[in-house]
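Descriptive structure summary
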Amino acid sequence: MAKGKKRVKPTKGEELLENPQAIAEQLNKTEQFLEQNRKMVLIFGGAIAAVVGLYFLYNYYTTTRNDTAQKELFQAVYYFEADSLDKALNGDGNNYGFLQIIDRYGMTKAANLSHYYVGASYLKKGEYQSAIEHLKKFSADDLLIQGRAYCLIGDAYMESDDYKSAADFYEKAADYNANEHTSPTYLIKAAIAYEELQDYKSAYKCYNTIVENYANSSEYQTARKHKSRLESKAG
């Protein structure tokens with residue numbers, strides 16, 4: 001007579017699914033735990049609710065502040081484009097300038113963009129260290145404007161005769177979202193800074209990068225000429 005197939009003992013999880021009494025016992029244990037730890041559960045649940053509430057409140061607050069700051073930004077940008085730099089920076093008595101927007105609406109997109117404009121304004125005014133400080137505080141998802149900010153930092157260092165820092169930021173600008181429209185311009189600037197340092201090898205590399213990678217750019221012929229000029233000096 002064939003032996004019957006040995007029944008495998010159910011796991012704890014299977015037992016719970018198959019046995020209504022086991023399910024009831026487990027639910028009872030859960031209820032006992034909740035009852036015994038009611039205070040802790042309420043505190044924990046309240047903490048989660050508070051965090052979620054604060055998150056939505058913060059989002060609403062920052063969105064509202066940013067909308068208000070964007071309206072203030074409009075007039076400041078107008079003054080900047082009209083080269084009324086003092087009004088752009090400090091306002092006109094009725095409208096905020098970029099510095100006031102940064103001070104009153106910190107952590108908003110408008111304040112972040114204001115750092116860019118403040119840096120550009122100080123650069124035009126010849127206040128190079130202030131320009132560098134504000135431009136370094138600016139950051140953008142827009143690849144072109146971020147590259148432009150790096151270039152302006154390079155310009156400020158160049159005007160301050162800090163040619164090494166200038167070259168570093170020009171190359172950073174050229175490498176950031178490298179393209180044939182802006183990178184060759186930044187590389188030319190970097191090469192000029194390197195030549196001021198008499199680092200002809202690095203200057204040669206900048207010109208060579210334009211010749212090899214940006215043949216369709218308007219800087220191509222200039223780069224070819226200076227590359228040939230520096231061949232002997234670069235070794």
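Reading the values: rules and limits
Residues numbered from 1 in each chain as written. Predicted model: local features only at pLDDT ≥ 70, side-chain atom pairs only at ≥ 80, totals over all residues. Heavy atoms only, no water. Salt bridge = Lys/Arg side-chain N within 4 Å of Asp/Glu carboxyl O. Helix = DSSP H or I, 4+ residues; strand = E, 2+ residues; numbered from the N terminus. Buried < 20%, exposed > 50% of the residue type's maximum accessible area, 1.4 Å probe, protein only. Contact = heavy atoms within 4.5 Å.

In the structure shown here, the tally under the stated rule is five salt bridges. Across the pair Asp155 and Lys189 runs a salt bridge whose closest N-O atoms are separated by 3.1 Å. With a gap of 34 residues between them, Asp155 in helix α8 (residues 143-159) and Lys189 in helix α10 (residues 183-196) connect regions that are remote in the sequence. Judged by relative accessible area, Asp155 falls into the buried class, the value being 14%. A residue is classified by how much of its surface remains accessible, and Lys189, at 25% relative accessible area, is partly exposed. One salt bridge connects Glu195 with Arg229, and the closest N-O pair in it is separated by 2.7 Å. With Glu195 in helix α10 and Arg229 in helix α12 (residues 220-234), the pair connects residues that are 34 residues apart, well separated along the chain.

We now examine the environment of Ala190. By the secondary structure assignment, Ala190 is in helix α10. Classification of Ala190 by relative accessible area gives buried; the value is 0%. Taking C-alpha positions, Ala190 is 8.9 Å from Tyr163, a pair spaced 27 residues apart along the chain. For Ala190, the residues in contact, after removing those within four places along its chain, are Ala167, Tyr170, Glu171 and Cys206.

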